[in-house]
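Breakdown of the fold
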Amino acid sequence: PSELMDEILAKYPTKIAKKRKKGMVVNDPSEEQEIQANIRTIPGIITQRGCTYAGCKGVVLGPTRDIINLVHGPIGCSFYAWLTRRNQTRPAEGEDNFMMYAFSTDMQDENIVFGGEAKLKDAIREAMELFNPKAIGIFSTCPVGLIGDDVHAVAREMKEETGINIFGFSCEGYRGVSQSAGHHIANNQVFKNVVGLNDRDRKGKFQINLLGEYNIGGDAFELERLFEEAGIELLSTFSGNSTIKSMEYSHTADLNLVMCHRSINYIAEMMEEKYGIPWFKVNFISAEGTAKSLRKVAEFFDDAELTAKVEEIVAREMAKVEAVKAAVKPKTEGKLAMMFVGGSRAHHYQDLFNELGVTTVSAGYEFAHRDDYEGRHVIPNIKIDADSRNIEEITVTKDEELFRDDLVAKKKAMEEKGMEFSDYVGMMPEMKKNSLVIDDVNHWETEKLIEFYKPDMFCAGIKEKYVVQKLGVPLKQLHSYDYGGPYAGFEGAINFYVEMERMLGTDIWKMVDAPWKSEPEIVGSFAF
Ligand code: CFM
Ligand code: HCA
């Protein structure tokens with residue numbers, strides 16, 4: 001892999017090669033290795049990344065059904081966020097569900113020149129009249145910041161006028177270097193404006209929140225099924241299959257489970273500061289991961305009945321999983337995969353591939369930070385640059401009335417028994433020696449990777465899909481799941497095994513030749 005790295009870098013101008021090199025690591029889990037992450041993409045490079053608005057509106061708030069997510073901006077920003085992420089929801093009878101709508105102020109030239117605040121207020125009044133929602137979130141797109149519309153002032157004024165919860169997000173697309181900035185902005189505003197607004201009397205013995213699970217392809221439904229059977233009460237998910245109402249009383253939970261660390265670790269940390277709720281990292285992608293995560297929850301609550309129930313579920317579900325795995329594995333074993341996705345799945349899905357005997361030879365995130373690669377212990381050493389300083393870091397203090405000293409004591413007791421809290425080990429320590437880790441991979445690098453490794457499976461998103469398939473390699477979308485899923489939990493693992501058997505079992509992509517190979521539309525050469 002180091003030769004491949006050199007070959008990739010040789011094509012870049014010297015300064016760019018130097019920069020890109022820092023984002024590539026030939027992995028050695030026995031050593032502390034540093035990778036460069038969360039920095040600006042070099043202009044001109046075809047990145048996989050999206051924008052801050054996408055991370056805020058599309059990712060974190062998008063899956064919440066009973067809030068009107070009003071985009072202040074040109075219509076294109078809404079159109080391209082119109083449920084393409086496949087985040088599903090299941091409203092109760094008569095409950096609001098606005099997710100199939102795309103709400104936008106549809107800014108025009110005139111609003112850019114003379115300001116768009118009046119149009120935004122009118123849009124809020126119109127939304128009130130038509131839908132009478134409980135809450136409205138206002139999401140700023142690039143022009144909003146450029147012309148200086150004050151969405152927060154409008155939100156305050158309209159909150160007063162309408163009497164409902166209205167709050168704004170300064171999540172302009174350019175606000176950070178990727179979606180990641182949008183996650184942070186969303187976390188801050190949800191924490192400030194939603195969490196803790198309402199209390200709710202305790203119903204169950206074991207109350208948890210699930211953070212960083214977005215119900216793509218129905219993943220959350222599968223997890224809800226497991227929690228419900230075990231007798232664990234899921235107060236709120238941030239934010240798959242969620243309601244604003246459930247987030248308002250989420251601070252009454254005893255434990256926070258963090259699935260996608262990148263997008264939501266901020267809320268977990270802030271809830272611990274303010275309310276004393278401990279958190280730990282879980283992974284419900286892969287059958288083993290699901291069993292391990294459920295067992296850890298049971299261990300935390302330390303209740304004989306719960307433990308017995310979890311063991312019963314694990315035994316029953318694993319029997320089904322093992323049967324399918326045994327049938328599929330002979331056909332998948334020994335195959336090679338690579339995955340370049342987001343800020344958590346490039347790690348999580350390696351566990352699922354491991355279960356099939358598929359080796360991940362190269363992987364990377366689009367927009368993760370160093371802690372997602374190297375583990376949270378590096379956080380104090382991460383250089384804060386101007387781009388990250390741009391994002392508000394809110395100070396949270398202890399809520400004297402609601403703070404749970406009992407949970408702090410519980411965490412301490414469990415830590416003494418060896419239970420890990422507030423940690424994420426990261427992707428690199430769990431990858432094989434000599435695998436190639438690349439941050440913010442681009443299309444040139446993707447082509448070279450494929451040429452070198454000849455992988456049997458490439459996992460990425462829609463922008464990569466067709467390029468990769470034209471190179472003769474099947475591509476599985478690990479964002480939208482290509483119309484499939486769920487892939488979380490036990491049922492999800494089974495679905496994924498079957499899908500991989502199907503995709504790895506065909507040579508179809510090797511048989512189709514890109515048409516321009518025999519009949520090029522244009523032929524030419526270029527010089528630097
Ligand atoms: Fe977390 Fe996500 Fe992901 Fe993410 Fe995303 Fe996503 Fe993703 Mo697409 S929150 S980091 S910003 S797991 S939308 S559900 S699939 S890039 S790996
Ligand atoms: C986003 C959303 C996305 C895009 C997926 C893709 C998703 O980043 O704005 O590139 O195929 O999961 O829908 O990550």
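In this convention, every chain numbers its residues from 1, walking through the sequence in written order. The order in which chains are written sets their letters, starting at A; the order in which ligands are written sets their numbers, starting at 1. Local features in this predicted model are restricted to residues whose pLDDT is 70 or higher, and side-chain atom pairs enter the listing and the counts only when it is 80 or higher, whereas totals over whole chains, interfaces and linings include all residues. Heavy atoms from the whole structure form the basis of all side-chain values; hydrogens and water molecules are not counted.

Our focus in this paragraph is the overall build of the chain. Of the regular secondary structure elements, the chain holds 23 helices and 14 strands. As a reference, a globule follows 2.2 Å times the number of residues to the power 0.38, and the radius of gyration itself is taken over C-alpha atoms. The C-alpha atoms of the chain give 23 Å as radius of gyration, which agrees with the globular expectation for 528 residues (24 Å, within 12%). In terms of principal-axis extent, the alpha carbons of the chain reach across some 65 × 65 × 45 Å. Here the term buried applies to any residue with accessible area under 20% of the maximum for its type, exposed to any over 50%, and partly exposed to those in between, with areas from a 1.4 Å probe on protein chains only. Going through the 528 residues of the chain one by one, you find that 57% of them count as buried. Here a helix means four or more residues in a row that DSSP labels H or I, a strand means two or more in a row labelled E, and each is numbered from the N terminus.

For ligand 1, the set of nearby residues contains 13 residues, the closest of which are Arg 85, His 183, Cys 260, Ser 344 and His 479. A breakdown of the residues in the shell around ligand 1 according to their chemical character gives five nonpolar, six polar and two charged. All domain edges in this entry derive from an automatic or database-based domain assignment. Two domains each donate at least three residues to the shell around ligand 1, and these are domain 1 (52-193) and domain 2 (207-328 + 376-416). Residues are classed as near a molecule or strand on a simple rule: at least one heavy atom within 4 Å of it. Residues are sorted three ways: Asp, Glu, Lys and Arg are charged, Ala, Val, Leu, Ile, Met, Phe, Trp, Tyr, Cys and Pro are nonpolar, and all the rest, Gly among them, are polar.

Attention now goes to helix 14 (residues 304-332). Along its 29 residues, helix 14 runs 39 Å from first to last C-alpha, staying within 8% of the 42 Å computed at 1.5 Å per residue. Bend is the name given here to the angle between axes fitted to two runs of seven residues, the run ending at a residue and the run starting at it. Its axis deflected by about 35° at Ala 326, helix 14 carries its strongest bend there, up to four residues before the proline Pro 330. When helix 14 is considered as a whole, its buried residues turn out to be Leu 306, Val 310, Ile 313, Val 314, Glu 317, Met 318, Val 321, Lys 325, Val 328 and Thr 332. Buried residues along helix 14 sit against helix 10 (219-230), helix 13 (287-301), helix 15 (345-355) and helix 21 (489-504). Helix span is expected to be 1.5 Å times the residue number reduced by one. Throughout, a contact is declared for two residues whenever any of their heavy atoms are within 4.5 Å.

The next point concerns the domain arrangement of the chain. By a widely used convention, the size of an interface equals the accessible area lost when the partners come together. Its domain assignment divides the chain into domain 1 (52-193) and domain 2 (207-328 + 376-416). Computed over C-alpha atoms only, the centres of domain 1 and domain 2 are separated by 27 Å. Across the contact, 28 residues belong to domain 1 and 32 residues belong to domain 2. Across the domain 1 to domain 2 interface the summed buried area is about 2,600 Å²; carbon plus sulfur atoms make up 60%. Buried area: the accessible area, evaluated with a 1.4 Å probe, that two parts lose upon being put together, summed over both parts. Of all residues in domain 1, His 184, Asn 187 and Phe 191 give up the largest surface area on contact with domain 2, accounting jointly for 25% of the area buried on that side. Of all the secondary-structure elements, those providing two or more residues to the side of domain 1 that touches domain 2 are helix 3 (52-61) and helix 9 (179-193). With eleven residues, helix 9 is the single largest residue contributor to the side of domain 1 that touches domain 2.

The subject of this paragraph is the nonpolar core. Here, nonpolar core means buried Ala, Val, Leu, Ile, Met, Phe, Trp, Tyr and Cys residues that are tied together by side-chain atoms lying within 4.5 Å of each other. Membership of the largest hydrophobic core comes to 107 residues, with the highest contact counts inside it found for Leu 257, Met 339 and Phe 490. With residues near it in sequence (within four places) discarded, Leu 257 still touches Ile 208, Asn 209, Leu 210, Leu 211, Phe 227, Phe 280, Val 282, Phe 284 and Val 297. One finds Leu 4, Met 338, Leu 449 and Val 473 within the second-largest nonpolar core, a separate group that totals 21 residues.

Glancing now at the packing of aromatic side chains. Centre distance within 6.5 Å is the pairing criterion for rings of Phe, Tyr and Trp, where only the six-membered ring of Trp is used; planes under 30 degrees apart are then read as stacked, over 60 as edge-to-face, and the remainder as tilted. Taken as a whole and judged by the stated rule, the model has 23 aromatic pairs. Look at Tyr 481 and Tyr 487: their rings are 4.6 Å apart centre to centre, the planes differ by 55°, and that puts the pair in the tilted class. The buried category is assigned to Tyr 481, whose relative accessible area is 0%. By way of ring pairs, the aromatic residues Phe 206, Phe 280, Phe 300, Phe 301 and Phe 421 are connected into one cluster. Only when the NZ atom of a Lys or the CZ atom of an Arg is both within 6 Å of the ring centre and within 35 degrees of the ring normal do we say a charge sits over the ring. Over the face of the ring belonging to Phe 403 we find Lys 398, whose NZ or CZ atom lies 4.6 Å from the ring centre. Sitting over the face of the ring of Phe 300, Lys 410 holds its NZ or CZ atom 5.3 Å from the ring centroid.

Our focus in this paragraph is helix 1 (residues 2-10). Within the span of helix 1, buried status applies to Leu 4, Met 5, Ile 8 and Leu 9. Buried residues along helix 1 cover an arc of 130° about the axis, so they all sit on one side. Facing away from the buried surface of helix 1 by more than 90 degrees, the exposed residues are Glu 3 and Ala 10. Tucked into the core, helix 1 has its buried residues touching helix 2 (14-21), strand 1 (24-26), strand 12 (436-438) and helix 19 (443-453). This arc describes the spread of directions from the helix axis toward the C-beta atoms.

Attention shifts here to the site of ligand 2. Taken together, Ala 54, Arg 85, Gln 179, Gly 461, Ile 462, Lys 463, Gln 477 and His 479 make up all the residues around ligand 2. Lys 463 places a side-chain nitrogen or oxygen 3.1 Å from an oxygen atom of ligand 2. Per-residue and other accessible areas were derived by the Shrake-Rupley procedure at a 1.4 Å probe size, with only the shown protein chains allowed to occlude residues. Notes on ligand 2: free accessible area 350 Å², of which the protein chains cover 78%. Residue composition of the shell around ligand 2, by class: two nonpolar, four polar and two charged. Definition of a polar contact: a pair of N or O atoms within 3.5 Å, with one able to donate and the other able to accept a hydrogen when the atoms are protein atoms, and with sequence-neighbouring residues admitted only if both atoms are side-chain atoms.

What makes two strands pair is DSSP finding at least two bridges between them. Across the sheet, six strands lie side by side as 1-12-11-10-13-14; this open sheet has mixed pairing. Whereas interior strands pair on both sides, the edge strands pair on one side only; in this sheet they are strand 1 and strand 14 (475-477). On average, adjacent strands in this sheet sit at an angle of 20° to one another, irrespective of strand direction. Of the strand pairs in this sheet, strand 10 (residues 336-340) and strand 13 (residues 457-460) are connected by three bridges, and their pairing is parallel. Along strand 13, the bridge assignment pairs Met 338 with Phe 458. Contacts from helix 20 (residues 462-470) reach strand 13 and strand 14 within the one sheet, and its direction differs from that of strand 14 by about 170°. Lines fitted to C-alpha atoms define the axes, with helix axes restricted to the stretch in contact, and inter-axis angles between N-to-C directions lie between 0 and 180 degrees.

Turning to the pattern of salt bridges, a few remarks are in order. Pairs may arise between side chains of opposite charge once their charged atoms sit close together. Counted as salt bridges are all cases of a side-chain nitrogen of Lys or Arg within 4 Å of a carboxyl oxygen of Asp or Glu. In the structure shown here, the tally under the stated rule is 40 salt bridges. For Glu 34, the salt bridge identified is with Arg 370, shortest N-O distance 3.6 Å. Separated by 336 residues along the polypeptide, Glu 34 in the loop between strand 1 and helix 3 and Arg 370 in helix 16 (residues 370-374) bring together distant segments of the chain. Among the ionic pairs, Glu 317 bridges to Arg 316, the shortest N-O distance being 2.8 Å. Glu 317 gets classed as buried once you look at its relative accessible area, which sits at 1%. The structure contains a network of salt bridges with shared partners spanning Glu 222, Arg 225, Glu 229, Lys 309, Glu 312, Arg 316, Glu 317, Lys 320 and Glu 491.

Take the pairing of strand 5 (residues 165-169) next. A large share of strand 5 lies buried, amounting to five of its five residues. Alternating positions in strand 5 separate into two faces, Asn 165, Phe 167 and Phe 169 on one and Ile 166 and Gly 168 on the other, with burial throughout. Direction of pairing for strand 4 (residues 135-140) relative to strand 5: parallel, over a ladder of five bridges. What sits directly across from Ile 136, in strand 5, is Ile 166.

Judged by pairing direction, the sheet is parallel, and its four strands sit side by side in the order 3-2-4-5 without closing on themselves. The sheet is open, and its two borders are formed by strand 3 (103-104) and strand 5, each paired with just one other strand. Against the sheet, helix 8 (residues 151-162) makes contact with strand 2 (67-72), strand 4 and strand 5, and its axis sits at roughly 175° relative to strand 5, the strand it touches most.

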